[in-house]
Amino acid sequence: GYTRMSFRGIDSPNGIDVFALGNEGVLICNNGGDTWSPVSIPTTEHLRSIFFLNEQIGYIGADRGVILKTTDGGKSWKDLGANIQGVSSVSEIVFLNEFQGYVCGFNYMQYTEDGGLTWDYVPGFEATGELFQLQEMQFLNKQVGYVCGDVGLMYKTTDGGQTWNLQETGVLESLQDMIFLDENMGFACGFEGTIIYTEDGGENWTSM
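Residues numbered from 1 in each chain as written. Predicted model: local features only at pLDDT ≥ 70, side-chain atom pairs only at ≥ 80, totals over all residues. Heavy atoms only, no water.

Undergrad: Provide a residue-level description of the environment of Gln162, including the pertinent values.
TA: On the secondary structure map, Gln162 appears in the loop between strand E15 (154-157) and strand E16 (165-166). In the structure, Gln162 is positioned 40 residues away from Val122 in sequence and 7.3 Å away in space, judged by C-alpha atoms. Other than its neighbours up to four places away in sequence, Gln162 contacts Tyr102, Pro123 and Thr157. (Helix = DSSP H or I, 4+ residues; strand = E, 2+ residues; numbered from the N terminus. Contact = heavy atoms within 4.5 Å.)

Okay, structure coming up:
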């Protein structure tokens, strides 16, 4: 019933219940069968990113800086009333634990240390006149993480997100998604059929 909807993200808390989110506050769930059921949520904003920390706790990032949280595996969701300022949308949301998390999007990256109630800019990613979009973020463990985005941007952290170092990818196309198989091998893809990979934790990237 939602095949004409623009979907933005998909995730599962347990490998069985799968949640997909899209525009106009649409959240649907599949419980292992052939059908999807709508899930009631307290917003009609376009939903952009979904992340489950464990089988019970999950987060959704949406337009206008809306952050939703579940503590029952996605059955019900609460608007945290987050204080994200100057943010048009949350392209990606990731939590390292129930207190420390990150969001990113158009021209910014912010972090929380109180479970998503209050947010501050990550140093070096404050809103400026320079326009860029950070698209995807992945943490391999509590210390090592990556974020990619427009004009071939790729940043890496080795201290849990306190500092981020720009990597040379060799491409200028917008990188839309990435996945690391371990701390060395990773892939990223983007516009114009761009696919790049690294075998040394991002020190060097090669176009495929």
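Undergrad: A description of the layout of surface pockets should follow, citing residues and the corresponding values.
TA: If you add up the space inside the largest pocket, you get close to 590 Å³. Forming the walls of the largest pocket are 23 residues, and the residues nearest its centre are Ser49, Glu92, Gln135, Glu136 and Asp177. Within the residue set of the lining of the largest pocket, elements represented by two or more residues are strand E1 (7-11), strand E5 (47-52), strand E9 (92-95), strand E13 (134-139) and strand E17 (175-180). In terms of residues, the lining of the largest pocket owes the most to one element, E13, which gives five residues. Considering only residue class, the lining of the largest pocket consists of nine nonpolar, eight polar and six charged. (1 Å grid on protein atoms, 1.4 Å probe; cavity = no way out; pocket = protein on both sides within 12 Å on 5 of 7 lines; lining within 4 Å. Points joined across faces, edges and corners; volume = space filled by probe spheres on them. Nonpolar A, V, L, I, M, F, W, Y, C, P; charged D, E, K, R; others polar.)

Undergrad: I'd love a proper account of the side chain of Ser89, names of residues and values included.
TA: With respect to the element layout, Ser89 can be found in the loop between strand E8 (78-79) and E9. Beyond its immediate stretch of four places on either side in the chain, Ser89 contacts Arg48, Ala62, Asp63, Arg64, Cys104, Gly105 and Tyr108.

Undergrad: Which residues make up the environment of Gly101, and what values do they have?
TA: With respect to the helices, strands and loops of the structure, Gly101 is situated in strand E10 (residues 101-105). Residue Gly101 is classed as buried on the basis of its relative accessible area of 0%. Remark: the alpha-carbon pair of Gly101 and Tyr59, spanning 42 residues in sequence, is separated by 10.0 Å. (Buried < 20%, exposed > 50% of the residue type's maximum accessible area, 1.4 Å probe, protein only.)

Undergrad: Describe the sheet that holds E16, listing the residues and the values that go with them.
TA: Reading across from one edge, E13-E14-E15-E16 is the order of the four strands in this open sheet, with antiparallel pairing throughout. The outermost strands of the open sheet, each flanked by one partner alone, are E13 and E16. Sheet topology note: the E13/strand E14 (residues 145-149) ladder contains five bridges and is antiparallel. Bridging across to E14, Met137 finds its partner in Val147. (Pairing = 2+ DSSP bridges.)

Undergrad: I'd like a description of the nonpolar core, backed by residues and values.
TA: Counting residues in hydrophobic clusters, the biggest one holds 15 residues, and the most contacted among them are Met109, Leu134, Met137, Val147 and Trp164. Elements with a minimum of two residues in this core: E10 and E13. Excluding residues that lie within four positions of it along the chain, Leu134 makes contacts with Ser91, Cys104, Gly105, Tyr108, Met109, Phe125, Val147, Cys148, Gly149, Leu153 and Tyr155. Listed in part, the 14 residues of the second largest apolar core include Phe19, Val39, Ile50 and Ala62. (Core = buried A, V, L, I, M, F, W, Y, C linked by side-chain atoms within 4.5 Å.)

Undergrad: Account for the pairing of strand E3 (residues 27-30), with residues named and values stated.
TA: With burial as the criterion, each face of E3 is covered, one bearing Leu27 and Cys29 and the other bearing Ile28 and Asn30. Here strand E2 (residues 18-22) pairs with E3 via four bridges, running antiparallel. Counterpart to Leu21 in the pairing with E3 is Leu27. Turn length for the E2-E3 hairpin, with the two strands adjacent in sequence and antiparallel, is four residues, and the turn residue Glu24 shows positive phi of about 60°.

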